[in-house]
Number of protein chains: 2
Amino acid sequence: MPAANIRARARAEMVTEIKTIARRHLAAEGANLSLRAVARDMGMVSSAIYRYFPSRDDLLTALIVDGYQALGDAAEGADAAVTDRADLRGRWLAVCHAVRRWALAHPAEYALLFGSPVPGYAAPQETTVQAARTPATLIGILLDGFTTGVLPDPGPGDLPDPVRADLAVLRDALSTGLPEALLARGATGWIHCFGAVSFEIFGQLNGVFEAREEYFDHQMRRLADQIGLP
Amino acid sequence: MPAANIRARARAEMVTEIKTIARRHLAAEGANLSLRAVARDMGMVSSAIYRYFPSRDDLLTALIVDGYQALGDAAEGADAAVTDRADLRGRWLAVCHAVRRWALAHPAEYALLFGSPVPGYAAPQETTVQAARTPATLIGILLDGFTTGVLPDPGPGDLPDPVRADLAVLRDALSTGLPEALLARGATGWIHCFGAVSFEIFGQLNGVFEAREEYFDHQMRRLADQIGLP
DNA sequence: CGATCGTCAAGAGCAGTGCTCTCGTTTGTG
DNA sequence: CACAAACGAGAGCACTGCTCTTGACGATCG
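Residues numbered from 1 in each chain as written. Chains lettered and ligands numbered in written order. Predicted model: local features only at pLDDT ≥ 70, side-chain atom pairs only at ≥ 80, totals over all residues. Heavy atoms only, no water.

An unreviewed UniProt entry annotates chain A as TetR family transcriptional regulator of Micromonospora rosaria.

**Student:** Tell me about the packing of aromatic side chains, residues and numbers included.
**Tutor:** In the structure shown here, the tally under the stated rule is 16 aromatic pairs over all chains. Ring centres of Phe-194 of chain A and Phe-199 of chain B lie 4.7 Å apart, and the angle between their planes is 70 degrees; this geometry places the pair in the edge-to-face category. Of this pair, Phe-194 of chain A sits in helix H10 (residues 180-201) while Phe-199 of chain B sits in helix H10 (residues 180-201), on two different chains. The burial state of Phe-194 of chain A is the same as that of Phe-199 of chain B; both residues are buried. Note on Phe-114 of chain B and Phe-194 of chain B: the rings are 5.6 Å apart at their centroids and 55 degrees apart in plane angle, and the pair reads as tilted. Here Phe-194 of chain B lies in helix H10 and Phe-114 of chain B lies in helix H6 (residues 107-114), a separation of 80 residues in the sequence. Here the two residues Phe-114 of chain B and Phe-194 of chain B agree in accessibility, since each one is buried. An aromatic cluster is present here, built from Tyr-68, Tyr-110, Phe-114, Trp-190, Phe-194 and Phe-202 of chain A together with Phe-199 of chain B joined pairwise through their rings. (Phe/Tyr/Trp six-rings, centres within 6.5 Å; stacked < 30°, edge-to-face > 60°. Helix = DSSP H or I, 4+ residues; strand = E, 2+ residues; numbered from the N terminus. Buried < 20%, exposed > 50% of the residue type's maximum accessible area, 1.4 Å probe, protein only.)

**Student:** Give a description of unusual backbone geometry that names residues and reports values.
**Tutor:** What you tend to see is this: most non-glycine residues have negative phi, and most peptide bonds are trans. Residue and element names in this part refer to chain A. With a phi angle near 45 degrees, Ser-175 is a residue other than glycine that sits in the positive phi range. Here Ser-175 is to be found in the loop between helix H9 (161-173) and H10. For Ser-175, a relative accessible area of 67% puts it in the exposed group.

So, in structure tokens, the structure goes:
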């Protein structure tokens, strides 16, 4: 009875082992992942890999999905670890630092997720749902602030109408009651957080800033000010 | 007498033609630039390219330097085109939009400059000096504001000491009298601008924001608020 | 003017890549 | 037990970056 299950289990183990070795190669040598090298490390011949992944791009896609998932876990975990749920600023900073720490721990995977996209590559649906978890965590913090009344609706202000329309669609897609202006601040915060992490990971502030964690923290604090987190 | 010069000129023309075709390939197919394909397009054999560029990485480096130069030209030109030099906000927005426009017009080159770095690749000195021009343009706007008294020194505030030390080194390297706090705001502004552009170029807001120029403009205006530009 | 030397392009070749196909072997199932 | 599906190995194709050798062209010097 467990026969087919045994086969399926062996296959699943094979898939995870391929991904693990691929991740190791990715971390060691960067983006140009070699299927043949992975196969060599597994003591197999390259064509055997194709039993498990129809192409190199599919393997990369699997790694991307895993990466978004790991990043989402890190972000949600950091948020959940803040016991004082009313400490919105603490939760915001915890999530931002968690994103940075994950990126520093897995720079090659981070580059895969947020770096230059592959030419002909289009992200499948399954990646986007996982990709949305991290920004959703940040938005959730703002939503908590709004529902508890700590974070008032600043009003549309100078938000251009087309942007408001985009934000309205996004708000409905998230089935969130968050006002558009707060949603805009959340998106801007996520973009700035991503920008700061990418700047550091991609070596753009090499030789300029040495106190990177302190500078990142300072930026995220100012960002929390701008968003209006108490 | 012009004999050697003729040789040098022919060589220079060859170099620029190789770079032009390489840029075309880069734009068409993305980061994985093929030397052999470039050679084919030039009606040459691949080994002939090596007379002009000792390796593929050297060709990429040349393209990177050119890219930083073009981006710096765009930024400085946009700043210089604002006739009212006292309109700091207008200059800031002009530079930010110029960066975004250049990135949209040359996405592959932008990815080469600011995307995932090549594994073993270390940026030579000649790239960094060109790379500094664009942020230096933004810093220059803040410096104009400070020297004319429009932009007061907000004081160190909550800047962590290690960050202040980095900023002091950076200020001296730029031989600028800009206070550390303003320099920090400029750096943060540059990072946010880069983040917003990268987010868009790398397809991170596909399917989320459609009114991209308006949203970018809105973000940069809020950024100008935060910096304190009148 | 003729010999010489540096520059250039071409071609062959090496090691590596993604991917396809075929061929035995293994393995779980009717 | 026999069958079919799944599997790994191997050869092979077209491609890549890069090296080396060969032959031709042209400017320079004796």
